[in-house]
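# Overview (structure and organization)
Spelled out from the first residue to the last, the chains are:
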Amino acid sequence: MEKTGKYDFMAEPFHCDFSGRLFMGHLGNHLLNAADFHSTDRGFGMQYLMSIRRSWVLSRLAIEMDEMPTMYTRFSVETWVESAMRYFTSRNFAVVGTDGHVYGYGRSIWAMIDTETRQPTDIYAIDNGAIDNWIVADRECPIAKGGRVKMSDEAPLAATVDTHYNDVDINGHINSVKYIEHVLDLWPMDWWRHHRLHRFEIAYVAEAHGGDRLTLYQEQTADGEYCVRIVRTDGTECCRCKLTFT
């Protein structure tokens, strides 16, 4: 089996925005699905981990797209493990058209947790550290790694969002992609008619759960660059995002 996985998708019409391009949230789902397919095929996927009270949790995600696939376009997500440590592993993505055209790339960092204690657990305890057999050290991912999202404590309130059934995933917390969708909804329709999202990065800090109210704070940090902080009901920061528009 190849170390790099390749999985086929299509930009389905109801997964596209009013411009006919794939929603960033749906692209995020495709990346996460590709990660699960890849890890499952190689013996360390979610189905097996949950049988031993373990789970992968996304810690950071950066997606940088030169363009988005348009409606009915078929494309592939290629994914590979770049490195692994005791508690974290780095996984990269490439979004590639059927003709070899590269739409963009993604970088992610994952932690493995104990589903009962919710604490990080040793990745190398799984199958005697077999994840090392799948590391691809010689393939470059040309986009920058996600860094620390810096924003001021005085960032203004942008929105509050109540969470419900459809926000909660199999880990029992708010789905990683739901945060992305809530953040992108901060900009009005007219903004999206004149701007394109080039890069989205998110760093997850703490879990939120169904029924929590999310408070979103937003500020512009540079020309075409915005940062968003999301805080849950009890005041705990859940994640920070940085968006770059063209």
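Rules used throughout
- Residues numbered from 1 in each chain as written.
- Predicted model: local features only at pLDDT ≥ 70, side-chain atom pairs only at ≥ 80, totals over all residues.
- Heavy atoms only, no water.
- Helix = DSSP H or I, 4+ residues; strand = E, 2+ residues; numbered from the N terminus.
- Rg over C-alpha atoms; globule rule 2.2 N^0.38 Å.
- Buried < 20%, exposed > 50% of the residue type's maximum accessible area, 1.4 Å probe, protein only.
- Contact = heavy atoms within 4.5 Å.
- Salt bridge = Lys/Arg side-chain N within 4 Å of Asp/Glu carboxyl O.
- Phe/Tyr/Trp six-rings, centres within 6.5 Å; stacked < 30°, edge-to-face > 60°.
- Lys NZ or Arg CZ within 6 Å of the ring centre and 35° of its normal.
- Pairing = 2+ DSSP bridges.
- Axes fitted to C-alpha atoms, helices over the stretch in contact; angles between N-to-C directions.
- 1 Å grid on protein atoms, 1.4 Å probe; cavity = no way out; pocket = protein on both sides within 12 Å on 5 of 7 lines; lining within 4 Å.
- Points joined across faces, edges and corners; volume = space filled by probe spheres on them.
- Nonpolar A, V, L, I, M, F, W, Y, C, P; charged D, E, K, R; others polar.
- Patch = residues over 30% accessible without salt bridge, like charges linked within 9 Å, V, L, I, M, F, W, Y side chains within 5 Å.
- Areas by Shrake-Rupley, 256 points an atom, 1.4 Å probe, with all protein chains shown as cover.

## What about the overall build of the chain?
Scanning the chain for helices and strands turns up four helices and 10 strands. Taken from the N to the C terminus, the helices and strands of the chain come in the order β-α-α-β-β-β-β-β-α-α-β-β-β-β. The C-alpha atoms of the chain give a radius of gyration of 18 Å, which matches the 18 Å a tight globule of 246 residues would have. Across its three principal axes, the chain shows a C-alpha extent of roughly 50 × 45 × 30 Å. In the chain, buried positions account for 50% of the 246 residues.

## A word on the environment of R229
Along the chain, the position of R229 falls in strand β9 (residues 225–231). Beyond its immediate stretch of four places on either side in the chain, R229 contacts M151, S152, D153, A155, T215, L216, Y217, E237, C239 and R240.

## A short note on the pattern of salt bridges
In this structure the tally under the stated criterion is 13 salt bridges. R199 is paired through a salt bridge with E64; the nearest N and O atoms lie 2.8 Å apart. Taken together, the residues R199 in strand β7 (residues 197–204) and E64 in strand β2 (residues 54–65) connect sequence positions 135 residues apart. For R232, the salt bridge is made with D234, and the minimal N-O distance between the two is 2.9 Å. We classify D234 as exposed; its relative accessible area is 53%.

## Structural notes on the packing of aromatic side chains
Applying the stated criterion across every chain yields a total of 11 aromatic pairs. Seen from their ring centres, W191 and F245 are 5.2 Å apart, and the 85° between their planes marks the pair as edge-to-face. Linking W191 in helix α4 (residues 189–194) with F245 in strand β10 (residues 237–245), this pair joins segments that are 54 residues apart in sequence. Like F245, W191 is buried. Within the aromatic cluster, the residues linked to one another by ring pairs are W187, W191, W192, Y226 and F245. The ring of F18 has R193 sitting right over it, with the charged end atom 5.5 Å from the ring centre.

## Describing the sheet that holds strand β4 (residues 88–97)
In space, the 10 strands of this open sheet follow the order β1-β3-β4-β5-β2-β7-β10-β9-β8-β6, with antiparallel pairing throughout. The open sheet has two edge strands, β1 (5–10) and β6 (157–162), and neither has a second partner. In this sheet, neighbouring strand axes are inclined to one another by 25° on average, regardless of whether the strands run parallel or antiparallel. Taken together, the seven bridges between strand β8 (residues 213–222) and β9 define a ladder with antiparallel strand orientation. For Q220, the partnering residue across the bridge sits in β9 and is Y226. Lying over the sheet, helix α1 (residues 24–41) contacts β1, β2, β3 (74–84), β4, β5 (102–114) and β7, oriented at roughly 145° with respect to β1.

## Quick notes on empty space enclosed by the protein
If you walk through the whole model with that rule in mind, you get one cavity of 30 Å³ or more. Put simply, the largest cavity is a space of about 60 Å³. Along the walls of the largest cavity sit R42, G43, F44, W56, I123, I126, D127, A130 and I131, which together make up its complete lining. Residue classes in the lining of the largest cavity are distributed as six nonpolar, one polar and two charged.

## A few points about the environment of P142
Note that P142 resides in the loop between β5 and β6. Taking the C-alpha atoms as reference, P142 lies 19 Å from F75; in sequence the two are 67 residues apart.

## Some points on a nonpolar patch on the surface
On the surface, M85, Y87 and F88 cluster together to form a nonpolar patch covering roughly 280 Å² of accessible area. Mapped onto the fold, Y87 is located in the loop between β3 and β4.

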